[in-house]
Every structure is written in C-alpha cells, then in structure tokens.
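Observations on the three-dimensional arrangement
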Amino acid sequence: MTLLDLLLNVTIDGKPLSDSDIREEVDTFMFAGHDTTTSCISFAAYYLSRDATVQQRVYDEILAIVGPDAKTQELTYGTLQELKYLEMVIKETLRINPSVPIIGRRSAGDMLIDGVTIPKGMDFGILIYALHNDPELYPEPARFNPERFSEEASEKRQPYSYIPFSVGARNCIGQRYAMLEIKTMFVKLVANYRLLPCDERNQLRIKTDMTLKPVDGSFIKIVPR
C-alpha cells in the first residue's frame, strides 16, 4: 500500500484521521523526510567528487568496516554507526549547505538577548545558513573540511553553533534516521563508483525553495570501480 492509502485507513479510537491530519503527516514524510535528505546527498556527492583525498578516506573506511564485499553486503544499524569519517563528511556538508537554512520560532516568554528585549509571543527566524558559515565559528567557511567534526574539534566549539536539525524540544524527530539513510546511500554509491568532478562551467549554485537545493542540480561524473 502507498503512504497515502495507509493514512486513509488509519483510525484512532475508531475514528479516521481528518484531512488536516493526513496532510500534516504527508508533509512530514515527503517534505521533512525526503526533500531534505536528497538535498544533502546531492551536495555531499558534489563535494566528494572534488576532493579525491576525502573520497578515498570514505572508501577506505567502508572497506575496513563493511568489508571487501561492500558493494553487495547487507548493512546493519551497528555497521552504519561505526562509519565515523563518513558521518563527519555528512556533517560538514550540512554545515556548508544545511538542508533547512532557516527555521521559525516564537518566544515562550520575555527574554533579553544581547541587550535587546524580546517580548513573549514574538515570531522570529533563526538563520542556520548564516550561523554555519560564520567565519568566527568556522574559519574559511567555504572550504569543505570534514575534520571540523572530529571529536576534538567538536568539543572545542561552543554549543548551538551547529544546528542542521534544529535543537531542543522542537528539533527534528527524524535526524537519526536521516543520518542512517544518507550513510546507506553513500556506502553503496562510493563502494561501486568513483565520483569525479565535471568541468568548471558546472559550478555549484544554491537556491532556497523551503529547503536548500543546487540550482539545476549538482553535476558529477561516476565511473565504476
């Protein structure tokens, strides 16, 4: 059954979901759970294609942890958790190009932030993209460097300087699943193919359509290993 069929057949206390409930569930699965993940995969593939050293480290880690049969080997939760360097690559991708570049919040009470009074009930935006590309937090912010997310580097960084999945009680409910999904994709992709850059005319440009996306896609070449 399709997702929509399943939702149409769901009942709670003997009552079907309302049209509004169904629409919200579809939004969660299709927008929050699909568009964001594909955005990250597109950007990560682009960066890997342009850094042979980083891509080789990802490939070596896959062979070491998944094994020489990584092309066809069935993956487990435990195996995916061990892919620490691949996780650093994904985190650095989400730093430079967070799938959700801005989030909205409403103040629950009166606050004072940097001398500015924020009254209760005020709506405001948190610019995740600007935060993640702040040179004071991340020197040379445009440079792709997964080492920013080593344990040592992460411990030195101040809290809340990296929030691709938001933070706190309203953070992304699917962030762990998303990380596993993206890791699975790249294990199979990198185990089977080498990612190579296209020519300089295909430079990455970004746009925001609710989620952050490459304009006209991110172009790479793939060559069987």
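Everything quoted here is computed from the prediction, not taken from an experiment. (Residues numbered from 1 in each chain as written. Predicted model: local features only at pLDDT ≥ 70, side-chain atom pairs only at ≥ 80, totals over all residues. Heavy atoms only, no water.)

Below, the discussion takes up the overall build of the chain. A count of helices and strands for the chain gives 8 helices and 10 strands. For the chain, the spread of C-alpha atoms along the principal axes amounts to about 55 × 50 × 35 Å. Here the chain holds 225 residues, and 36% of them are scored as buried. Across the chain, contacts joining residues at least 24 apart in sequence account for 69% of those joining residues at least 6 apart. Here the chain displays about 13800 Å² of accessible surface, and carbon together with sulfur accounts for 55% of that area. Placing the 26 positive and 31 negative side-chain charges of the chain at their respective mean positions leaves the two points 3 Å apart. (Helix = DSSP H or I, 4+ residues; strand = E, 2+ residues; numbered from the N terminus. Buried < 20%, exposed > 50% of the residue type's maximum accessible area, 1.4 Å probe, protein only. Contact = heavy atoms within 4.5 Å. Areas by Shrake-Rupley, 256 points an atom, 1.4 Å probe, with all protein chains shown as cover. Lys, Arg positive; Asp, Glu negative; His and termini not counted. Charge placed at Lys NZ, Arg CZ, Asp CG, Glu CD.)

Under the present numbering, the feature "binding site: heme" (unreviewed entry) in UniProt falls on C172. Along the chain, C172 falls in the loop between α7 (151-156) and α8 (175-192). A residue is classified by how much of its surface remains accessible, and C172, at 27% relative accessible area, is partly exposed. (UniProt positions renumbered as here; feature names shortened; annotations may be inferred.)

A few words on the nonpolar core. Counting 37 residues, the largest nonpolar core has L48, V58, I62, F186 and V187 as its most contacted members. Within the residue set of this core, elements represented by two or more residues are α2 (19-49), α3 (52-65), α5 (84-96) and α8. Looking at this core, the element that brings in the most residues is α8, giving 9 residues. Once you skip the residues sitting within four places of it in the chain, F186 turns out to touch I41, A44, A45, L48, I62, L86 and A191. (Core = buried A, V, L, I, M, F, W, Y, C linked by side-chain atoms within 4.5 Å.)

What follows concerns the pattern of salt bridges. According to the stated counting rule, one finds 10 salt bridges in the structure shown. E147 is the salt-bridge partner of R57, the closest N and O atoms lying 2.7 Å from each other. One end of the pair, R57, is in helix α3; the other, E147, is in the loop between α6 (128-132) and α7, with 90 residues separating them in the sequence. Residue classification places R57 among the partly exposed positions, given a relative accessible area of 41%. Residue classification places E147 among the partly exposed residues on the basis of a relative accessible area of 35%. When the shortest N-O distance is used, the salt bridge between R143 and E140 registers 3.6 Å. In this structure, a network of salt bridges that share partners links the residues E87, K91 and K183. (Salt bridge = Lys/Arg side-chain N within 4 Å of Asp/Glu carboxyl O.)

This part is about the packing of α5 against α8. Relative to each other, α5 and α8 sit at 110 degrees, their axes nearing to 10 Å. Viewed along their axes, α5 and α8 adopt a mutual orientation that is roughly perpendicular. As α5 runs across α8, the sense of the crossing is right-handed. Across from L86, E87, I90 and K91 in α5, the residues of α8 making contact are M179, I182, K183, F186 and V187. Its residues placed into classes, the contact of α5 with α8 shows 6 nonpolar, no polar and 3 charged. (Axes fitted to C-alpha atoms, helices over the stretch in contact; angles between N-to-C directions. Parallel < 35°, antiparallel > 145°, perpendicular 65-115°, else oblique. Left-handed = near helix turned anticlockwise from the far one by under 90°. Nonpolar A, V, L, I, M, F, W, Y, C, P; charged D, E, K, R; others polar.)

On to the packing of aromatic side chains, then. What describes a pair of aromatic rings is the distance from one ring centre to the other and the angle between the planes of the rings. Tallied over the entire structure, the rule returns 3 aromatic pairs. Consider the rings of Y47 and F144, whose centres lie 4.8 Å apart with planes at 10 degrees: the pair is stacked. Note that Y47 is positioned in helix α2 and F144 in the loop between α6 and α7, a separation of 97 residues in sequence. Overall, Y47 belongs to the buried group, its relative accessible area being 11%. (Phe/Tyr/Trp six-rings, centres within 6.5 Å; stacked < 30°, edge-to-face > 60°.)

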